[in-house]
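Given next are the chains, with one letter for each unit.
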Amino acid sequence: MKQTILYMLIPFYLLFLPYGQAKASNDSIRVSLLTCAPGEEIYSLFGHTAIRYENPAQGIDVVFNYGIFSFNVPNFALRFSLGETDYRLGASDYDSFVAEYTSDNRSVWQQTLNLNEEEKAHLFNLLEVNYRPENRIYRYNFFYDNCATRPRDKIEECITGKVIYPEAPQDGSRSFRDIIHQYCKGHPWSRFGIDFCIGSEADRPISRRQMMFSPFYLMNFFANAKIDHDGQQRPLVTSTETIVDVVPDRNKNGWPPTPLQCTLLVFIVTAAVTIYGIRKKKGLWGFDLILFGIAGLAGCILAFLALFSEHPAVSSNYLLFVFHPGQLLFLPYIIYCIRKRKKCWYMTLNAIVLTLFIVLFPLIPQRIDFAVVPLALSLLIRSASNMILNYKKK
């Protein structure tokens, strides 16, 4: 979620500080969960989570951050599409962390955790061990193992007893896609792109724990959570404060146009070209070459994700009925039939499938962006127009 390529390492002695020394002066030690506001880049739209560890007696004020990744890793794009992106635990001094988010115009909230001396020392030790070079890299998973779930798991691991999260009426009533949409408001192209790639599995109801993949859901659940130990309960969070308070600039000039506006324009142009072609009795294969070629390339991406990617919720995607590799694979045959004015069985089959997709659109068990409908209609009318022209041709 939060990319930090350049970060300051915690002091060298911190990594090798004896465990006993770390326990000293624990009354002044404070451990906090930091939650950061969303940014403008797609990887930062959902916010970010980190852990702050303060030990004034040792002069330590460090932020542990599980959201470090680099675009400079070899074959980054391919590895990302395959779901093989490796993130790592980073550490920076608190002042540098705050300065970065202030510069990015992103607020940061701090929840002080109600941990006893042993739990603070245990958490520090867990983070210290996790920060060693041989341990700090992990395989990132957007829904199940990310910069929010990792801090939660480490905090739970250090606690003597059990963390009890509040009963939530929304438990089982929201999906991964619902939460994605919540944080993609104002970013229609990011929402369209994510919706395009993730399939029906993202629409299944999820539990409270699964909701915590989102930093702000984690923050809200922590705010009302209790630590239960031998029947005694205490709040998980003692106080919440805003440590970086900025007002993001929400002024937007309305450009670029939304995905729906663009796909409606594609449909209008396709309809006009089709009417012209029917009146002039021309196949206009060049237009079909572009339209079906782009649809086929999109289908290759979806098929690649469905077959080879480790990303969750990309395997069962009903958009493959519209955008599939066949649009590209059979393109030479399509163009051949159009130019020779021969009947094309592929166009007939394509028209049937697209018609069923559009008619049954409300019943599909996957929330598909409505901007897809004009694209499906564009492919449908091109298939139908070529059927009409070839039917009239003896």
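Treat the numbers as computed from the prediction; the structure is a model and nothing was measured.

Calculation rules
- Residues numbered from 1 in each chain as written.
- Predicted model: local features only at pLDDT ≥ 70, side-chain atom pairs only at ≥ 80, totals over all residues.
- Heavy atoms only, no water.
- Helix = DSSP H or I, 4+ residues; strand = E, 2+ residues; numbered from the N terminus.
- Buried < 20%, exposed > 50% of the residue type's maximum accessible area, 1.4 Å probe, protein only.
- Contact = heavy atoms within 4.5 Å.
- Areas by Shrake-Rupley, 256 points an atom, 1.4 Å probe, with all protein chains shown as cover.
- Pairing = 2+ DSSP bridges.
- Axes fitted to C-alpha atoms, helices over the stretch in contact; angles between N-to-C directions.
- Phe/Tyr/Trp six-rings, centres within 6.5 Å; stacked < 30°, edge-to-face > 60°.
- Lys NZ or Arg CZ within 6 Å of the ring centre and 35° of its normal.
- Salt bridge = Lys/Arg side-chain N within 4 Å of Asp/Glu carboxyl O.
- UniProt positions renumbered as here; feature names shortened; annotations may be inferred.

Turning our eyes to something else, we now look at the overall build of the protein chain. For the protein chain, the count of helices and strands is 16 helices and 12 strands. Within the protein chain, the fraction of its 394 residues that count as buried is 49%. For the protein chain, long-range pairs separated by at least 24 residues make up 78% of all intrachain contacts whose partners lie at least 6 apart in sequence. Counting only carbon and sulfur atoms, one obtains 61% of the accessible surface of the protein chain, whose full area is about 19300 Å².

What follows is about the pairing of strand 2 (residues 48-55). Each regular strand displays side chains that alternate between the two surfaces of the sheet. With 8 of its 8 residues buried, strand 2 lies for the most part within the structure. Of the two faces of strand 2, both are covered, the one formed by His48, Ala50, Arg52 and Glu54 as well as the one formed by Thr49, Ile51, Tyr53 and Asn55. Across 7 bridges, strand 1 (residues 30-36) lies against strand 2 in antiparallel orientation. Looking at the pairing, leucine 34 lines up with alanine 50 of strand 2. The pairing of strand 2 with strand 3 (residues 60-68) spans 5 bridges and is classified as antiparallel.

Pairing is antiparallel across the open sheet formed by 7 strands, whose spatial order is 6-4-3-2-1-5-12. Among the strands making up the open sheet, the edge pair consists of strand 6 (137-139) and strand 12 (237-244). Neighbouring strand axes in the sheet, compared pairwise and without regard to direction, differ in orientation by 25° on average. Across the face of the sheet, helix 4 (residues 94-103) comes into contact with strand 1, strand 2, strand 3, strand 4 (86-93), strand 5 (108-113) and strand 12 while running at roughly 110° to strand 4.

Under the definition given, this model contains 30 aromatic pairs. With a centroid separation of 4.8 Å and an interplanar angle of 40°, the aromatic rings of phenylalanine 97 and tyrosine 101 are classed as tilted. Of this pair, phenylalanine 97 and tyrosine 101 are both found in helix 4, 4 residues apart, which corresponds to roughly one turn of the helix. For the pair tyrosine 333 and tryptophan 345, a centre-to-centre distance of 6.1 Å together with 35° between the ring planes defines the contact as tilted. Taken together, the residues span a long stretch of sequence, with tyrosine 333 in helix 14 (residues 331-340) and tryptophan 345 in helix 15 (residues 345-359) at a distance of 12 residues. Using a relative accessible area of 28% as the deciding quantity, one classes tyrosine 333 as partly exposed. Clustering of aromatic rings is evident, with ring pairs tying together Phe46, Trp109, Phe142, Phe143, Tyr144, Phe176, Tyr183, Phe213 and Phe216. Over the face of the ring belonging to tyrosine 94 we find arginine 52, whose NZ or CZ atom lies 3.4 Å from the ring centre. Between arginine 136 and the ring centre of tyrosine 131, over which it is positioned, the NZ or CZ distance is 4.1 Å.

A few words now on the pattern of salt bridges. Throughout the structure, instances matching the rule amount to 17 salt bridges. One salt bridge connects arginine 139 with aspartate 86, and the closest N-O pair in it is separated by 2.7 Å. Note that arginine 139 is positioned in strand 6 and aspartate 86 in strand 4, a separation of 53 residues in sequence. On the basis of relative accessibility, which here comes to 35%, the residue arginine 139 falls in the partly exposed class. Between glutamate 119 and arginine 234 there is a salt bridge, with the nearest N and O atoms lying 2.5 Å from each other. Residue glutamate 119 is located in helix 5 (residues 117-130), and its partner arginine 234 is located in strand 11 (residues 232-235); the two are separated by 115 residues in the primary sequence. Classification of glutamate 119 as buried rests on a relative accessible area of 0%. Taken together, the shared-partner salt bridges in this structure form one network comprising Arg30, Arg52, Glu54, Asp61 and Glu241.

A few words on the UniProt feature "transmembrane region" (unreviewed entry) in the protein chain. When the UniProt feature table is mapped onto this chain, "transmembrane region" (unreviewed entry) is found at residues 258-278, 285-306, 318-338, 345-364 and 370-389. The distance separating the terminal C-alpha atoms of residues 285-306 is 30 Å; by composition the span is 100% helix and 0% strand. Between the C-alpha atoms that bound residues 318-338 there is a distance of 28 Å. The span itself is 57% helix and 0% strand.

Now for the sheet that holds strand 10 (residues 226-229). If you trace the 3 strands from one edge of the open sheet to the other, you get 7-10-11, paired in antiparallel fashion. Pairing within the sheet leaves two strands with one partner each, and these edge strands are strand 7 (162-164) and strand 11. The sheet shows a mean angle of 30° between the axes of neighbouring strands, direction not considered. Inspection of the sheet shows strand 7 paired to strand 10 by 3 bridges, in the antiparallel sense. Paired with isoleucine 164 across the bridge in strand 10 is lysine 226.

Glancing now at the side chain of serine 385. With respect to the helices and strands, serine 385 occurs in helix 16 (residues 372-392). A residue is classified by how much of its surface remains accessible, and serine 385, at 3% relative accessible area, is buried. Sequence-distant contacts of serine 385, that is, excluding residues within four places in its chain, are made with Thr274 and Ile278.

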